[in-house]
Amino acid sequence: MKRFKRAAIRAASLAVAACALSGWSAPPAGEVDPPVGANPLFPSHAEHALPSAEVIIDAGHGGIDGGTHVGDILEKDINLAISRKLYLILRSHGVRAVLNRTGDYALSDDNRWHRSSRHQRDLSQRGGLPDELDAGIFVSIHVNWSKRSGTRGPIVIHQEEAHSALLGTFIQQGLNRQQQSKFLPQSGGKFYVLKKIKIPSVIVETAFMSNAKDREMLTSPRGQTRIAAAIAGGILAYRCVSP
């Protein structure tokens, strides 16, 4: 496993260099916000058809499911803010991206036929969308939590297959540079969504809400944009080398 991770990191580093030589550039670092009235999931020219997608952005939690929290700071709101910025950065680079939610609602509400818990319906809805849209990759945005308030930084969890590992390595490297951390991507075989989805998939734990410094970054529009740009850079680098 260690040899595999080292090989993936070396491959990612070489790919970044190759992308730079071919003219790839990092996403813009400025503030980005969706235009008023825009619906990222359904572009104006295709209101009545399911969009195709190179990247599905999963804004974690939503609605009744707030995720982790500190006081009135809720993970679901941070996830959505970062996801919206990520969507716009990718679209600015010509990448067909979609958001699986564009507001504060639970995806479980769209899946009432699944006779199980609300949490299971939510996971099933998230996992089924890539098949419906014939997507290329799936990136799920989340915020982490630890009992130790000193723990901070990004952690990328990838599906147990080579393309997902490479995608996770690219995104982890981008976030490590952005946050000056040294985490390695992790395999996530136990996660339902990663097991269900058939395309390269990652869960991005962007930072730790339990850490004061990370929390300041996560709740700042500037910090959210920088996180989104780092994730987008990893996705764009992966697209340079993926078949």
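If you're wondering where the values come from, they're calculated on a predicted model, not measured in any experiment.

Participant: Explain the pairing of strand S5 (residues 137-144) here, please?
Facilitator: As a general feature of sheets, a regular strand has side chains that alternate between the two faces. Where burial is concerned, most of S5 is hidden: 8 out of the 8 residues are buried. On S5, burial covers both faces: Ile137, Val139, Ile141 and Val143 on one face and Phe138, Ser140, His142 and Asn144 on the other are all buried. Here strand S1 (residues 55-59) runs beside S5; their pairing, made up of 5 bridges, is parallel. In the sheet register, Ile57 faces S5, and the bridge partner there is Val139. In terms of strand pairing, S5 meets strand S8 (residues 201-208) through 6 bridges, oriented parallel. From the neighbouring strand, Val139 faces S8, where its bridge partner is Val202.

Participant: Just checking my understanding: could you explain the nonpolar core for this structure?
Facilitator: Nonpolar side chains in soluble globular proteins generally cluster together in the buried interior. Leu90, Ile231 and Ile235 are the most contacted members of the largest nonpolar core, which totals 38 residues. Broken down by secondary-structure element, the contributors of at least two residues to this core are S1, helix H2 (75-92), strand S4 (97-99), S5, helix H4 (162-179), S8, helix H6 (212-218) and helix H7 (221-241). Contacts of Ile231, omitting those with residues within four sequence positions, involve Ile82, Leu86, Val139, Ile141, Ile171, Leu175, Val204 and Thr206. Judged by nonpolar contacts, the second largest core, of 8 residues, contains Ala53, Val98, Phe138 and Ile197.

Participant: Could you clarify how one ought to interpret the pattern of salt bridges in this entry?
Facilitator: If the charged atoms of two oppositely charged side chains come close together, the side chains can form a pair. Summed over the entire model, instances satisfying the criterion amount to 3 salt bridges. The salt bridge partner of Glu54 is Arg239, with a shortest N-O separation of 2.6 Å. Here Glu54, found in the loop between helix H1 (2-21) and S1, pairs with Arg239, found in helix H7; they are 185 residues apart in sequence, far enough to count as distant. By relative accessible area, Glu54 is classed as buried at 19%. Between Arg152 and Asp214 there is a salt bridge, with the nearest N and O atoms lying 3.1 Å from each other. Of this pair, Arg152 sits in the loop between S5 and strand S6 (155-158) while Asp214 sits in helix H6; the two residues are 62 residues apart in sequence, bridging distant segments of the chain.

Conventions we followed
Residues numbered from 1 in each chain as written. Predicted model: local features only at pLDDT ≥ 70, side-chain atom pairs only at ≥ 80, totals over all residues. Heavy atoms only, no water. Buried < 20%, exposed > 50% of the residue type's maximum accessible area, 1.4 Å probe, protein only. Helix = DSSP H or I, 4+ residues; strand = E, 2+ residues; numbered from the N terminus. Pairing = 2+ DSSP bridges. Core = buried A, V, L, I, M, F, W, Y, C linked by side-chain atoms within 4.5 Å. Contact = heavy atoms within 4.5 Å. Salt bridge = Lys/Arg side-chain N within 4 Å of Asp/Glu carboxyl O.

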